[in-house]
Amino acid sequence: SRIPVSFVDSNSVHKGAGRDPDAYWKAFFAAFPGAKGLITVSRPGISADGQNAVLRIGMGCGGRCGAWGYALLRRIGERWHVTRFVIERVS
């Protein structure tokens, strides 16, 4: 079975977020009914030789529910492969 996915820009997700996490998640779930949470992926930072990259990745699901970290990737041929994933914070 397929999981429904929506791609949105950060302005749509963080509009009116402020500093209150409960208000943020209430607004998020109102804006995206049926969503179970949010996955964020940064634009890649790519090495000068174009063979390595890093991505910031986060997953949030409301309140104290989420994890954030980064992935290191290496280009092998025409494909990118994750060589390491580091979780920096869990909530």
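The structure this text deals with has already been given above.
Residues numbered from 1 in each chain as written. Predicted model: local features only at pLDDT ≥ 70, side-chain atom pairs only at ≥ 80, totals over all residues. Heavy atoms only, no water.

A.B. asks: Would you mind showing me how to read the environment of proline 21 here?
C.D. replies: With respect to the helices and strands, proline 21 occurs in helix α2 (residues 21–31). Looking at proline 21, the relative accessible area reads 48%, which means it is partly exposed. The spatial distance from the C-alpha of proline 21 to the C-alpha of serine 42 is 21 Å, given a sequence separation of 21 residues. (Helix = DSSP H or I, 4+ residues; strand = E, 2+ residues; numbered from the N terminus. Buried < 20%, exposed > 50% of the residue type's maximum accessible area, 1.4 Å probe, protein only.)

A.B. asks: When you look at the pairing of strand β5 (residues 79–90) in this model, what are you seeing that I'm missing?
C.D. replies: Within a regular strand, the side chains alternate between the two sheet faces. Pairing of strand β4 (residues 66–76) with β5 involves ten bridges; the strand directions are antiparallel. Directly across from arginine 75, in β5, lies its bridge partner tryptophan 80. Counted between consecutive antiparallel strands, the loop separating β4 from β5 contains two residues, among which glycine 77 sits at a positive phi close to 65°. (Pairing = 2+ DSSP bridges.)

A.B. asks: Teacher, can you tell me more about the packing of aromatic side chains here?
C.D. replies: Applying the stated criterion to the full structure yields six aromatic pairs. On the basis of an interplanar angle of 20° and a centroid distance of 6.4 Å, the ring pair of tyrosine 24 and phenylalanine 28 is categorised as stacked. One end of the pair is tyrosine 24 and the other is phenylalanine 28, both in helix α2 and four residues apart, which spans about a single turn. Phenylalanine 28 matches tyrosine 24 in its accessibility class, with the two residues each being buried. Residue classification places phenylalanine 28 among the buried positions, given a relative accessible area of 5%. (Phe/Tyr/Trp six-rings, centres within 6.5 Å; stacked < 30°, edge-to-face > 60°.)

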